[in-house]
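A closer look at the structure
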Amino acid sequence: ELYFLIYPDRLPVTLQLWHSQNITLPISYLLVGTFQGLSTGIITVYLLHIGATETQQTTIKALRSLPASFKVLFGFISDYLPIIGYRRKPYILIGWSISSFAMLLMYRMERIRIIDSSITNQMT
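These lines cover the structure that appears in this document, whether it is placed above or below. These numbers were taken from a predicted model, which means no experiment stands behind them. Every chain is numbered on its own, with residues counted from 1 as its sequence reads. Where totals are concerned, whole chains, interfaces and linings use all residues; where local detail is concerned, this predicted model gives features only for residues with pLDDT of at least 70, and gives and counts side-chain atom pairs only at 80 or more. Side-chain measures here rest on the full set of heavy atoms in the structure, leaving out hydrogens and waters.

Notes on the layout of surface pockets
- Here a cavity denotes a set of grid points, spaced 1 Å apart and computed over the protein atoms alone, in which a 1.4 Å probe fits but from which it cannot get out, and a pocket denotes an open set meeting protein on both sides within 12 Å along at least five of seven lines; residues with an atom within 4 Å of a point are reported as lining. Grid points are joined across faces, edges and corners, and a volume is the space filled by probe spheres set on the points. Quantified by volume, the largest pocket comes out at close to 1,600 Å³.
- Residue lining of the largest pocket: 34 residues in total, with V32, Q36, P67, F74 and G95 positioned closest to the centre.
- For the lining of the largest pocket, the elements supplying multiple residues, two or more each, are α2 (24–49), α3 (54–65), α4 (71–80) and α5 (89–108).
- Of the residues contributing to the lining of the largest pocket, the split by class is 23 nonpolar, 8 polar and 3 charged. The helix count covers DSSP runs of H or I at least four residues long, the strand count covers runs of E at least two residues long, and both are numbered beginning at the N terminus. Note on residue classes: Ala, Val, Leu, Ile, Met, Phe, Trp, Tyr, Cys and Pro are nonpolar, Asp, Glu, Lys and Arg are charged, and everything else, Gly too, is polar.

Quick notes on α2
- Each residue after the first adds 1.5 Å to the expected span of a helix. The first and last C-alpha atoms of α2 sit 35 Å apart over 26 residues, in line with the 38 Å expected at 1.5 Å per residue.
- To get the bend at a residue, fit one axis to the 7 residues ending there and another to the 7 starting there, then take the angle between the axes. The largest bend along α2 measures about 25° and falls at S39.
- Among all positions of α2, only P26, S28, S39, I43, Y46 and L47 are buried. Exposure is judged per residue with a 1.4 Å probe applied to protein chains only, and the accessible area is read against the type maximum: over 50% gives exposed, under 20% gives buried, and values in between give partly exposed.

Structural notes on the packing of aromatic side chains
- Any two rings among Phe, Tyr and Trp, with Trp reduced to its six-membered ring, count as a pair given centres within 6.5 Å; such a pair is stacked if its planes are under 30 degrees apart, edge-to-face if over 60, and tilted if neither. In the structure shown here, the tally under the stated rule is 2 aromatic pairs.
- A ring pair is formed by F35 and W96, whose centres lie 6.0 Å apart and whose planes are at 75°; its orientation type is edge-to-face. Highlighted residues: F35 in helix α2 and W96 in helix α5, separated in sequence by 61 residues.
- When the centroid spacing of 6.4 Å and the interplanar angle of 55° are considered together, the rings of F70 and F74 count as tilted.
- With a relative accessible area of 46%, F74 lands in the partly exposed category.

Given below as structure tokens:
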């Protein structure tokens, strides 16, 4: 009975979420939730470690959530500009690649400095 709950035979394969052809979507959402949940704490500690002020921390957190504002736009782009005949999978792969590269880049940076805005204002 569990099999028919996961793979209902009355639905076409394109609508069966857990079918092998469609499994990337639920896995991607699972990973996005995990990634966002874990990275929030890591980034908060990381910003404190590099000495960011509260204003800088707030700005960085706001910029981090900015791509979520463009979900509808990204959906339209993926619908009207398929890559190699696929509408979603290449865009999911591109997004995960960019995210992985950014996290790897942050990991590889030995020392990041936050420039104090008061020093910058004194120089001008």
